[in-house]
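Breakdown of the fold
If you want the building blocks of each chain, they are given just below.
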Amino acid sequence: MNGGYESRPSPVSGFGLFATLTFEAGQRIAPYLGRPVYAPSRARGAPVFDLEIRPGLWLDGSGGDNPARWANHSCRPNAVLVWHDETREAWLTAARRVEAGEEITFDYGFNLAEAMAHPCHCGSPDCVGRIVAAPLRAALRRHLRPQGSRRD
């Protein structure tokens, strides 16, 4: 345990990051640590720990010193990942009150192409079944809808 969080098996996927303390909205939870890289290091079938800071610049968060790497995606996340240009740090920050024992999740923000390769198991009522950025979920839902269910 470290800093108000711990990693352990998750009902969402693999390991997850869980609060051991209560965090208030806006409070920093855990840093997302990694070395800057200019291309993501996504090996097929391997866990994704890369974080895009801006186009063409990523953080490789696969190192053992990165506690936030275990935070899973959710379509109804309780945290956001915030990049601070002035300190060159990324932090998981509570989007709302996060109770002790609750799994800490954030929106991975994948685009439509990435979403097709990454199923979502978050279990939220509005989950589209793929890890995709919130603004793209409606478009993906329309795309995945069976042909016979269209209303004209």
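So, here's what we can say about the structure. Worth saying up front: this structure is predicted, and the values here are computed from it rather than measured.

With that out of the way, let us pick up the overall build of the protein chain. Of regular secondary structure, the protein chain possesses two helices and ten strands. Each helix and strand of the protein chain, placed in order from N terminus to C terminus, yields the pattern β-β-β-β-β-β-β-β-β-β-α-α. Looking at the protein chain as a whole, 37% of its 152 residues qualify as buried. Taking the intrachain contacts of the protein chain between residues at least 6 apart in sequence as the baseline, contacts between residues at least 24 apart amount to 58%. As presented, the protein chain carries roughly 8800 Å² of accessible surface, and 53% of it is formed by carbon and sulfur atoms.

The next subject is the nonpolar core. Counting residues in each nonpolar core, the largest one holds 21 residues, and the members touching the most others are L17, I29, Y32, L92 and I104. Listing elements by their share of this core, those giving two or more residues are β2 (15–19), β3 (28–32), β5 (50–54), β6 (57–60), β9 (89–94) and β10 (103–106). Non-local contacts of I104, meaning those with residues more than four positions away in its chain, are made with Y5, L17, F18, A19, I29, A71, N72, N78, A79, L92 and V98. Ranked by size, the runner-up nonpolar core spans five residues in total, among them F110, C120, C122 and I131.

Moving on: the sheet that holds strand β4 (residues 35–37). The three strands are arranged β4-β6-β5 in an open sheet whose pairing can be described as antiparallel. Of all the strands in the sheet, the pair left with one neighbour each is β4 and β5. Taking each pair of neighbouring strands and ignoring which way they run, the sheet shows an average axis angle of 35°. Note: β5 against β6, four bridges, orientation antiparallel. Its bridge partner being in β6, E52 is matched across the sheet by W58.

Conventions and cut-offs
- Residues numbered from 1 in each chain as written.
- Predicted model: local features only at pLDDT ≥ 70, side-chain atom pairs only at ≥ 80, totals over all residues.
- Heavy atoms only, no water.
- Helix = DSSP H or I, 4+ residues; strand = E, 2+ residues; numbered from the N terminus.
- Buried < 20%, exposed > 50% of the residue type's maximum accessible area, 1.4 Å probe, protein only.
- Contact = heavy atoms within 4.5 Å.
- Areas by Shrake-Rupley, 256 points an atom, 1.4 Å probe, with all protein chains shown as cover.
- Core = buried A, V, L, I, M, F, W, Y, C linked by side-chain atoms within 4.5 Å.
- Pairing = 2+ DSSP bridges.
- Axes fitted to C-alpha atoms, helices over the stretch in contact; angles between N-to-C directions.

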